[in-house]
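# Structural characterization, general
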Amino acid sequence: MLNKILLSSILLSVAAAAQAAPVATKDFNANYKVTWGDSDIGTQAISLTTTAPNTQTATTLAKVRGIAALALGSEYDETSVWRTTEADKIIVDSYVMMGKSSRRRKGARATKKVVGQLNYDWNANVVHSNINGTKRDLSLKPGTVNPHAMPFSIMHQLHNAVEPPATIPITFVGKNKMRGYTFKRLPNEKVMVGTTEYDAIK
């Protein structure tokens, strides 16, 4: 849910200028205050780090408050690792989500546990999925990502396109099954962040 709320915010970090050759999206750190209507429901910290040649790691740490914590848990973090190639898409290798429940027995200490894990085997074209203890092996299609890596994949494609595409098809693994979406690129707009104006892609 929080990733959907913040998708447009993440995309603001993409420059609209086209590149002559594919390059990795630049490393960054971003911190957000998350609201739902007039309610402050938490914070989210997002980082993208180059951890090896042609390899990047994206990490999201969310802390949730109030009623939203009952549905999402009081805290969770997500980590995706992918490779960048000569093409305009990223190749995801792994994803892990750790969560801390807001519901616990009186006196018990809340601890994080793995609630979702995906390991991509591109040689066998299979992704090994484990969501809340339910394990499945799913057939991989080229370019398949996960909900956490999805906005970064869109950023990478927009950043490297010689001519920004009108639509971007995305396939990702969600809740032990494949889901496909097509994102439509809207005209650019000027966005003010503090006193700085950015040329952003919607």
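Placed above this text is the structure.
These lines cover the structure that appears in this document, whether it is placed above or below. (Residues numbered from 1 in each chain as written. Predicted model: local features only at pLDDT ≥ 70, side-chain atom pairs only at ≥ 80, totals over all residues. Heavy atoms only, no water.)

## Looking at the packing of aromatic side chains
Test applied: Pairing of aromatic rings covers Phe, Tyr and Trp, the last through its six-membered ring, and needs centres within 6.5 Å; plane angles under 30 degrees mean stacked, over 60 mean edge-to-face, and all others mean tilted. Secondary structure elements are defined from DSSP: runs of H or I of at least 4 residues count as helices, runs of E of at least 2 residues count as strands, and each element is numbered from the N terminus. A simple rule labels every residue: compare its accessible area, found with a 1.4 Å probe on the protein chains alone, to the largest value its type can have, and call it buried under 20%, exposed over 50%, or partly exposed in between.
On inspection of all chains with the given rule, the structure shows four aromatic pairs. Ring geometry for W82 versus F152: centroids 5.3 Å apart, planes at 40°, classification tilted. With W82 in strand 4 (residues 75–84) and F152 in helix 3 (residues 150–160), the pair connects residues that are 70 residues apart, well separated along the chain. Ring centres 5.6 Å apart and planes at 5° place the aromatic pair F172 and Y181 in the stacked group. For F172, a relative accessible area of 7% translates into the label buried. Relative accessible area serves as the criterion here: at 41%, Y181 is assigned to the partly exposed category. Each member of the aromatic cluster is reached from another via a ring pair, and the members are F28, W82 and F152.

## Here's the deal with the nonpolar core
Defined as follows: For our purposes a nonpolar core is just a set of buried Ala, Val, Leu, Ile, Met, Phe, Trp, Tyr and Cys residues, chained together by side-chain atoms within 4.5 Å. By the convention used here, residues are in contact when the closest approach between their heavy atoms is within 4.5 Å.
Ranked by internal contacts, the top residues of the largest apolar core, which has 25 residues, are W82, V145 and F152. Looking at this core, the elements with two or more residues in it are strand 1 (28–36), strand 2 (39–52), strand 5 (90–100), strand 6 (113–121), helix 3 and strand 9 (167–174). For this core, the element with the highest residue contribution is helix 3, accounting for five residues. Discounting chain neighbours no more than four positions away, the residues touching V145 are I90, V92, Y120, M150, S153, I170, T171, F172 and V173.

## Comments concerning the environment of Y198
For Y198, the position within the fold is in strand 12 (residues 196–200). With a relative accessible area of 39%, Y198 lands in the partly exposed category. Not counting residues within four places of it along the chain, the set of residues in contact with Y198 comprises E189, K190, V191 and V193.

## Things to note about the pairing of strand 10 (residues 177–184)
To keep things clear, this is the line we draw: A pair of strands counts as paired when DSSP detects no fewer than two bridges linking them.
Pairing between strand 9 and strand 10: eight bridges, direction antiparallel. Note on strand 10: the bridge partner recorded for I168 is F183. The loop that links strand 9 with its antiparallel partner strand 10 comprises two residues; one of these, K175, has a positive phi angle of about 50°.

## Looking at the sheet that holds strand 5
Strands pair in a sheet through their backbones, by hydrogen bonds, and they do so in one of two ways: parallel or antiparallel. Selection rule: Every axis corresponds to a line fitted to the C-alpha atoms, with the helix fit spanning only the stretch in contact, and the corresponding angles, defined between N-to-C directions, vary from 0 to 180 degrees.
Ordered in space as 1-2-3-4-5-6-7-8, the eight strands form an open sheet in which the pairing is antiparallel. Looking at strand neighbours, the two that pair on one side only are strand 1 and strand 8 (134–139), the edges of this open sheet. Neighbour-to-neighbour, the strand axes of this sheet turn through a mean angle of 15°, independent of strand direction. Relative to strand 5, strand 4 runs antiparallel, the two sharing ten bridges. Bridging across to strand 5, S80 finds its partner in Y95.

## Examining unusual backbone geometry
In this structure, N54 takes a positive phi of about 65° despite not being glycine. Within the secondary structure, N54 sits in the loop between strand 2 and strand 3 (55–64). Judged by its relative accessible area of 54%, N54 falls in the exposed class. With a phi angle near 55°, N132 is a residue other than glycine that sits in the positive phi range. Looking at where N132 falls in the secondary structure, it is placed in the loop between strand 7 (126–131) and strand 8.

## Details of helix 3
With eleven of its eleven residues buried, helix 3 lies for the most part within the structure. Among all positions in helix 3, only M150, P151, F152, S153, I154, M155, H156, Q157, L158, H159 and N160 are buried.

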